[in-house]
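Report on the structure
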Amino acid sequence: MDIMVDGPRITQIAGMLHEREIPYSIAIGDVGSVLSREQGIKYSKNNRKPNYCEMDWDNYHRLHVIYAFMENLSHEYPYLCSVAVIGKSAEGRDIKILKVSNGNEYNVGVWLDAAIHPREWISTAVVTYIADRLVRTFHEQPDCVTNKDWYILPVLNPDGYEYTHTHDRMWRKNRARYGECVGVDLNRNFSYGWGEKGEEGSSEDPGNIFYRGPKPFSEPETAALRRLITKSSTPFKVFLSFHSYGEVVIFPWGYTDEPCPDYVELLEGGTSIAKAIYETSGRTYKVGSTKDLMYFACGNSIDWSYAVAGIPYSYMVELRGKKHRFLLPQNEIESTAKEVMNGVFRLLDFVDGKSKSCQSCDCSK
Ligand SMILES: [Zn+2]
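As the structure is a computational prediction, the values presented were derived from the model and not from experiment. (Residues numbered from 1 in each chain as written. Predicted model: local features only at pLDDT ≥ 70, side-chain atom pairs only at ≥ 80, totals over all residues. Heavy atoms only, no water.)

Take unusual backbone geometry next. Here the residue pair Ser244 and Tyr245 is connected by a cis peptide bond, since its omega of 5 degrees sits within 30 degrees of zero. Take Tyr245: it is sitting in the loop between β7 (236-244) and β8 (248-251). Each neighbour pair has its own omega, and for Pro252 with Trp253 the value is 0 degrees, a cis peptide bond. Assignment of secondary structure puts Trp253 in the loop between β8 and α9 (263-281). The backbone of Glu21 shows a phi angle near 55 degrees, a positive value even though the residue is not glycine. Since its relative accessible area comes to 72%, Glu21 is described here as exposed. (Helix = DSSP H or I, 4+ residues; strand = E, 2+ residues; numbered from the N terminus. Buried < 20%, exposed > 50% of the residue type's maximum accessible area, 1.4 Å probe, protein only.)

Shown next, in the form of structure tokens:
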């Protein structure tokens, strides 16, 4: 468990841990200095953060910059891209998705989402990078990449995302009001396994950061995702949800420690992602089920996409950040995005290779 302590209280907290014989170590000595490095600026009264309007992958960006980037890409490549509003957030912001497709009738769908947890900024940077590279190099890409309908949702939780820029860098939930409390953990608000495992898998307390909401899909953000996927005429084959941090590729289940029916298949697919990452940057991402590598996460998006939406390759990718936790310095954005893009493309090669070999053999798939 990570805790963040207000500077003046640090000796008191250390004393308490020591008294109770709870082992601890200091992950980040001064969060303020890491924050400045992440955002590339030195904070002082007269030195306010410049208002970046241009999209790039040397900085983390506000929502309006991300949305302008999506619109610009679709104006530049109208034959490949379109932008749609799939719903409104709790506070009424648009939830925008970018679709990239060559329009072929038999394409299968690939889903990428980011910032379901808004403090995980690197996730948005990574999926926008993939979108940009995919579109600008589309005709150089192999069939396994171009024969897909790509649905790319860079900010699934726009209210929370803005809030992490304006108020609280560590905000995890959406901004829906529940009595005195604010926010649902959207990645505990999906229906499959919702509310299982008691307080270990999610929380029924609106004040808790793992609050699952009053019922599955109670939140407009998760409901919008479900609507798009279940109403789409494209059969989805891949569902990837990006998070940070941990450098792991995880797959169902999160609501139980039983293995899912396609455990080996998902392990192989996840390993193809991890292999490509290793070949790109030498980083070692672990692969396994949610419960094996993390903890019970009940009502999460990939248990739903796999079990209910029937998307066979459903993964959560926890991106870099072992050292800096959520505050990955901006000079690591591009290298993280490159390794992960190669991982995603490699997964598609694996997925297509599987369906080809299965056409020529007698197996039941
Ligand atoms: Zn997350």
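Let us keep going from here.
On to the UniProt feature "active site" (unreviewed entry) in the protein. Mapped onto this numbering, the UniProt entry annotates "active site" (unreviewed entry) at Glu318. One can find Glu318 in strand β10 (residues 313-319). Relative accessible area serves as the criterion here: at 7%, Glu318 is assigned to the buried category. If near-sequence neighbours (up to four positions away) are discounted, Glu318 is found in contact with His243, Ser244, Tyr245, Gly246, Glu247, Val248, Ile250, Tyr285 and Met294. In this structure the side chain of Glu318 is engaged in a polar contact, spanning 3.4 Å, whose partner is the backbone nitrogen of Tyr245. (UniProt positions renumbered as here; feature names shortened; annotations may be inferred. Contact = heavy atoms within 4.5 Å. Polar contact = N/O pair within 3.5 Å; in protein donor to acceptor, adjacent residues only side chain to side chain.)

A cluster of nonpolar residues, Met1, Ile3, Val5, Ile10, Tyr24 and Ile26, forms a patch on the protein surface that exposes about 700 Å² of accessible area. Along the chain, Ile3 falls in the segment before α1 (10-19). (Patch = residues over 30% accessible without salt bridge, like charges linked within 9 Å, V, L, I, M, F, W, Y side chains within 5 Å. Areas by Shrake-Rupley, 256 points an atom, 1.4 Å probe, with all protein chains shown as cover. Salt bridge = Lys/Arg side-chain N within 4 Å of Asp/Glu carboxyl O.)

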